[in-house]
Amino acid sequence: MVSSTPHPSRLKYLSLGVLVLQTTSLVLTMRYSRTQKEDGPRYLASSAVVAAEVLKIFTCTFIVFMENKYSLRAMNLLLKEEIVKKPVETMKLAVPAGIYTLQNNLLYVALSNLDAATYQWPTDSTGEQKVLTAGSQVVGVAAVLTACMSSGFAGVYFEKILKETKQSVWVRNIQLGLFSFLLGLLGMMVYDGRSVRQSGMFQGYNAITWTVVVLQAMGGLVVAVVIKYADNILKGFATSVSIIVSTLISYFVLNDFHPTGVFFLGAMLVIAATFLYGYHGKPANGAVKV
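All values derive from a computational prediction rather than experimental measurement. (Residues numbered from 1 in each chain as written. Predicted model: local features only at pLDDT ≥ 70, side-chain atom pairs only at ≥ 80, totals over all residues. Heavy atoms only, no water.)

## Observations concerning the UniProt feature "transmembrane region" (unreviewed entry) in the protein
The following threshold applies: UniProt positions are given in the numbering used here, feature names are shortened, and annotations may be inferred rather than shown by experiment. Runs of E in the DSSP output that reach at least two residues are strands. Runs of H or I that reach at least four are helices, and both are numbered from the N terminus.
Mapped onto this numbering, the UniProt entry annotates "transmembrane region" (unreviewed entry) at residues 13-32, 44-66, 138-158, 170-191, 207-227, 234-254 and 260-279. A distance of 29 Å separates the end C-alpha atoms of residues 13-32, which is 100% helix and 0% strand.

## As for the nonpolar core
Condition: Remark: nonpolar core denotes a set of buried residues (Ala, Val, Leu, Ile, Met, Phe, Trp, Tyr, Cys) joined through side-chain atoms within 4.5 Å. Only protein chains enter the accessibility calculation, which uses a 1.4 Å probe; a residue whose area is less than 20% of its type maximum is buried, one above 50% is exposed, and one in between is partly exposed. When checking whether two residues touch, look at their non-hydrogen atoms; a contact exists if any pair is within 4.5 Å.
One finds Val64, Leu79, Phe158 and Trp170 to be the most contacted residues of the largest nonpolar core, which totals 31 residues. Mapped onto this core, the elements with two or more residues apiece are helix H1 (8-35), helix H2 (45-67), helix H3 (72-84), helix H5 (94-118), helix H6 (134-163), helix H7 (169-199) and helix H8 (207-229). Considering every element that reaches this core, the biggest residue donor is H8, with seven residues. In contact with Val64, not counting residues within four places along its chain, are Met75, Leu78, Leu79, Trp170, Val171 and Ile174. Ala48, Ala52, Tyr205 and Ala217 belong to the second-largest nonpolar core, a separate cluster that totals 10 residues.

## Examining the packing of aromatic side chains
Formally: In summary, the pairing rule links any two rings of Phe, Tyr or Trp, Trp by its six-membered ring, whose centres are within 6.5 Å, and it sorts them by plane angle into stacked for under 30 degrees, edge-to-face for over 60 and tilted for everything else.
On inspection of all chains with the given rule, the structure shows six aromatic pairs. Considering the side-chain rings of Phe202 and Tyr205, the 5.2 Å spacing of their centres and the 85° angle between planes classify their relative orientation as edge-to-face. Residue class for Phe202 comes out partly exposed when judged on its relative accessible area of 45%. Counting every residue linked through ring pairs, the aromatic cluster contains Tyr43, Phe202, Tyr205 and Trp210.

## Some remarks on the packing of H3 against H7
Put simply, the rule reads: Angular values range over 0 to 180 degrees, each being the angle between N-to-C directions of two axes fitted as lines to C-alpha atoms, with helices fitted over their stretch in contact. Angle categories are assigned with fixed cut-offs, so that under 35 degrees is roughly parallel, over 145 is roughly antiparallel, 65 to 115 is roughly perpendicular, and the rest are oblique. Two helices that cross are described as forming a left-handed crossing if the nearer one is turned anticlockwise from the farther one by less than a right angle, and a right-handed crossing if clockwise. Put simply, Ala, Val, Leu, Ile, Met, Phe, Trp, Tyr, Cys and Pro go in the nonpolar bin, Asp, Glu, Lys and Arg in the charged bin, and everything else, Gly too, in the polar bin.
Contact geometry for H3 and H7: axes closest at 11 Å, N-to-C directions at 60°. Relative to H7, H3 is oriented oblique. Considering the relative orientation of H3 and H7, their crossing is right-handed. Facing H3, whose interface residues are Leu78, Leu79, Glu82 and Ile83, H7 presents Val171, Ile174 and Gln175. Considering only residue class, the contact of H3 with H7 consists of five nonpolar, one polar and one charged.

## Re H7
Put simply, the rule reads: By this rule, a helix spans an expected 1.5 Å times one less than how many residues it contains. Here the bend at each residue means the angle between axes fitted to two seven-residue stretches, the one ending at that residue and the one beginning there. A 3.5 Å cut-off defines polar contacts: any pair of N or O atoms within that distance qualifies, except that in protein one atom must be a possible hydrogen donor and the other a possible acceptor, and neighbouring residues in sequence count only when both atoms are side-chain atoms.
An ideal rise of 1.5 Å per residue puts 45 Å on 31 residues; H7 reaches only 37 Å between its terminal C-alpha atoms. The largest bend along H7 reaches roughly 90° and is located at Asp192. The N-cap of H7, judged by a side-chain oxygen 3.1 Å from the amide nitrogen of Trp170 a few residues on, is Ser168. Downstream of H7 by a residue or two, Gly200 has a phi angle that is positive, lying close to 90°.

## Overview of the packing of H2 against H3
For the pair H2 and H3, the least separation of the axes is 8 Å and the interaxial angle reads 120°. Both H2 and H3 take part in a crossing whose hand is right-handed. On H3, the residues touching Thr61, Val64 and Phe65 of H2 are Leu72, Met75, Leu78 and Leu79. Taken together, the residues of the contact of H2 with H3 break down into six nonpolar, one polar and no charged.

## Description of the side chain of Thr24
Here Thr24 is to be found in helix H1. Polar side-chain contacts of Thr24 include one of 2.7 Å to the backbone oxygen of Val20. In contact with Thr24, not counting residues within four places along its chain, are Ser242, Val245, Ser246 and Ile249.

## Quick look at H2
Between its first and last C-alpha, H2 extends 33 Å over 23 residues, near the 33 Å set by a 1.5 Å rise per residue. Positive phi appears at Lys69, one or two residues downstream of H2, with a value of about 60°.

## Details of the pattern of salt bridges
Put simply, the test is: One speaks of a salt bridge when a side-chain nitrogen belonging to Lys or Arg is within 4 Å of a carboxyl oxygen belonging to Asp or Glu.
Using the criterion set out here, one finds five salt bridges in the structure. Across the pair Glu82 and Lys86 runs a salt bridge, and its minimum N-O distance is 3.2 Å. For Lys86, a relative accessible area of 32% corresponds to the partly exposed category. When the shortest N-O distance is used, the salt bridge between Arg172 and Glu89 registers 3.3 Å. With Arg172 in helix H7 and Glu89 in helix H4 (residues 87-91), this residue pair connects regions lying 83 residues apart in the sequence. Arg172 gets classed as buried once you look at its relative accessible area, which sits at 2%. With a relative accessible area of 28%, Glu89 lands in the partly exposed category. A single network of salt bridges, built from pairs that share partners, joins Glu89, Lys92 and Arg172.

This is the structure:
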């Protein structure tokens, strides 16, 4: 009898490919959603993060429901056993959840402080350019570096948790999502509480906004699968490849990016590093692998 379960190596590369596709789609869709002209208020990024976490929790819960042969009783017993009765194991997920929340906030800080400084916008008449202060650039760069380091630590930590337990990756995602939801909700009320109280959490939402939310939720699930069956380094490579693909689409399709020699150098380094990391050479002198 042939098993219907995909081979781990095949699942690894399939999840990596899906991650590249998802990240590329998310970058392009999110950029479009944040730059399109709106008649009313623009949607709150913090609310989109919270909505994505809710969608991720519901999706993982449904998958666990399916794995338990559509039995609510079996699913409830499993979740109670793995989440409620193991508070120490559950609390371990608060660490990456907190770091991911911090990372999202830092990236928003970086975007606010580096966007105008990196892309200098000439006016239509005089050719003058608007540049942020040096202090703003320092804040933006510091936010980016801190986000990168925190993201790396969170990825390795989450990988350790996933690979040291036989618990379902979907249950782990429910645990992670619960903490991320609570922290994201807290952040939304702290930073955008006034706007939420005035116009509601879903102000400015449209079909494009919901597409971004779905892609964000999907990304969290795909990343978990990649870390489970591959590792955090390959996940980083997949993200880097998606950046290159997004940039090429921006150049050839959207015509709003002009690559430089530094970009091509970085792209070649990423591609070379990806192939070198995944390359398995033949054993020397006919040696047999044990």
